[in-house]
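Structure at a glance
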Amino acid sequence: MEVVETVQEMQQICEAIRLAGETIALVPTMGFLHQGHLELMRVGRRHADKLIISIFVNPSQFGPGEDLDQYPRDREGDLEKARKVGVDLVFMPSAPEMYQEGYQTRVQLEKLPRHLCGLSRPGHFDGVATVVAKLFNITRPHIAVFGQKDYQQLTVISRMVMDLNMDIRIIGVPTIREPDGLAMSSRNSYLNPGERKSALSLKKSMDLALELFREGERRPGVIIDAVRSLISGHPFTEIDYVALCDPVTLDSVEVLGERNLLAMAVRVGKTRLIDNCLLQNGSDRDDHI
Ligand code: PAF
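Residues numbered from 1 in each chain as written. Predicted model: local features only at pLDDT ≥ 70, side-chain atom pairs only at ≥ 80, totals over all residues. Heavy atoms only, no water.

1. Comments concerning the sheet that holds strand β3 (residues 50-55)
The strand order across the open sheet formed by six strands is β1-β4-β3-β2-β5-β6, and the pairing between neighbours is parallel. Edge positions in the open sheet fall to β1 (2-4) and β6 (169-173), since each of these has one partner strand only. Direction aside, the axes of adjacent strands within the sheet are offset by 25 degrees on average. Inspection of the sheet shows strand β2 (residues 24-29) paired to β3 by six bridges, in the parallel sense. Along β3, the bridge assignment pairs I24 with K50. Along the sheet, helix α2 (residues 35-47) makes contact with β2, β3, β5 (143-147) and β6, crossing β5 at roughly 155 degrees. Taken strand by strand, helix α6 (residues 124-139) contacts β2, β3, β4 (89-91), β5 and β6, and its axis lies near 150 degrees from that of β2. (Pairing = 2+ DSSP bridges. Helix = DSSP H or I, 4+ residues; strand = E, 2+ residues; numbered from the N terminus. Axes fitted to C-alpha atoms, helices over the stretch in contact; angles between N-to-C directions. Contact = heavy atoms within 4.5 Å.)

2. Concerning empty space enclosed by the protein
Summed over the entire model, instances satisfying the criterion amount to one cavity of 30 Å³ or more. Quantified by volume, the largest cavity comes out at close to 70 Å³. Around the largest cavity sit 13 residues that line it, and L182, A183, L202, I274 and D275 are the ones nearest its centre. For the lining of the largest cavity, the secondary structure elements donating two or more residues are α8 (193-214) and β9 (271-280). (1 Å grid on protein atoms, 1.4 Å probe; cavity = no way out; pocket = protein on both sides within 12 Å on 5 of 7 lines; lining within 4 Å. Points joined across faces, edges and corners; volume = space filled by probe spheres on them.)

3. Brief notes about the layout of surface pockets
Its boundaries defined by the atoms lining it, the second largest pocket holds a volume of some 490 Å³. Forming the walls of the second largest pocket are 25 residues, and the residues nearest its centre are L112, T155, R159, M162 and V248. Contributions of two or more residues to the lining of the second largest pocket are made by α7 (151-163) and β6. Per-element tally for the lining of the second largest pocket: the top contributor is α7, with eight residues. Split into classes, the residues belonging to the lining of the second largest pocket amount to 13 nonpolar, six polar and six charged. (Nonpolar A, V, L, I, M, F, W, Y, C, P; charged D, E, K, R; others polar.)

4. So, the packing of α8 against helix α9 (residues 220-232)
Two measures define how a pair of helices packs: the angle their axes make with one another and the distance between the axes. At a closest axis distance of 9 Å, the pairing of α8 and α9 adopts a crossing angle of 150 degrees. Classed by the angle they form, the pair α8 and α9 counts as roughly antiparallel. As for how α8 packs across α9, the hand of that crossing is right-handed. Mapping the contact onto sequence places S201, K204, S205, L208, A209 and L212 in α8 and I223, A226, V227, L230 and I231 in α9. Its residues assigned to classes, the contact of α8 with α9 comprises eight nonpolar, two polar and one charged. (Parallel < 35°, antiparallel > 145°, perpendicular 65-115°, else oblique. Left-handed = near helix turned anticlockwise from the far one by under 90°.)

5. With respect to the packing of aromatic side chains
Under the definition given, this model contains three aromatic pairs. The interplanar angle of 35 degrees and the centroid separation of 6.3 Å between the aromatic rings of F56 and Y99 together place this pair among those described as tilted. Here Y99 lies in the loop between α4 (95-98) and α5 (117-120) and F56 lies in the loop between β3 and α3 (75-84), a separation of 43 residues in the sequence. On the basis of relative accessibility, which here comes to 18%, the residue Y99 falls in the buried class. Judged by centre distance (5.9 Å) and plane angle (75 degrees), the rings of F62 and Y71 are edge-to-face. As far as the burial class goes, F62 and Y71 line up, both buried. An aromatic cluster of three or more residues is present, and its members are F56, Y99 and Y103. For the cation-ring pair, K134 lies above Y99, with the distance from its terminal atom to the ring centre recorded as 5.3 Å. Between R218 and the ring centre of F213, over which it is positioned, the NZ or CZ distance is 3.8 Å. (Phe/Tyr/Trp six-rings, centres within 6.5 Å; stacked < 30°, edge-to-face > 60°. Buried < 20%, exposed > 50% of the residue type's maximum accessible area, 1.4 Å probe, protein only. Lys NZ or Arg CZ within 6 Å of the ring centre and 35° of its normal.)

Put into structure tokens, the structure is as follows:
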């Protein structure tokens, strides 16, 4: 497994891979790898000849006062995990390497960032779209793999790829959970034991919503109220949003249809957690796209 730190070297290597007639899968990450990331890598491994991951804590997707400086990092642990799942190349640039002096370009989507997390994290999805577009230009992958836990991010990236005619297949992988249901996230490491217990309220509230939907409830307000009140009954929780929306446009819905996205962001202590599931006919699973 090779570790590459410069854009130029990465571009040269990827060009050689393509010239040799081999395919490339890219898994972009911000490091502090957990089982959720490793699952993305396993999927990437199955779909291409060469598996590349990027590890880059992207400053342009963090707002003022967010956790850029505290974001957990574990270079050696990450490299060890990547090696074990069969990663061929790790791209690990510095921030000045990615955003050279004079840098001034951003990729901005018009509508999708105006929903859900975009409302409380202005500029976040522009930062994500920008860095992912850069990573695509640097590694020129045939496929790229993202987690469905970051549902809005996956929607934004899929839309960007379509809109900008990028010849890349985007694969969304269902959320990997801890045995007790908590969605895996690098930010779970911020939770103390009491908060960790309260964090389970997100999954419990989605199970409740699925049950209500299965019983025939189609009024978004009733389901949202039930979800909110279950979460609020747990200590340390502060709801940012709970929304029921169209899974493609992310517009909120007035009556639930065949496929609906239930998405939420909740602060547990100081940690902002997100989760989502699909409420759809004939399904009791939380996979989607
Ligand atoms: O999901 C993440 O870890 C990041 O948002 C991504 C896609 C690597 C872009 O920085």
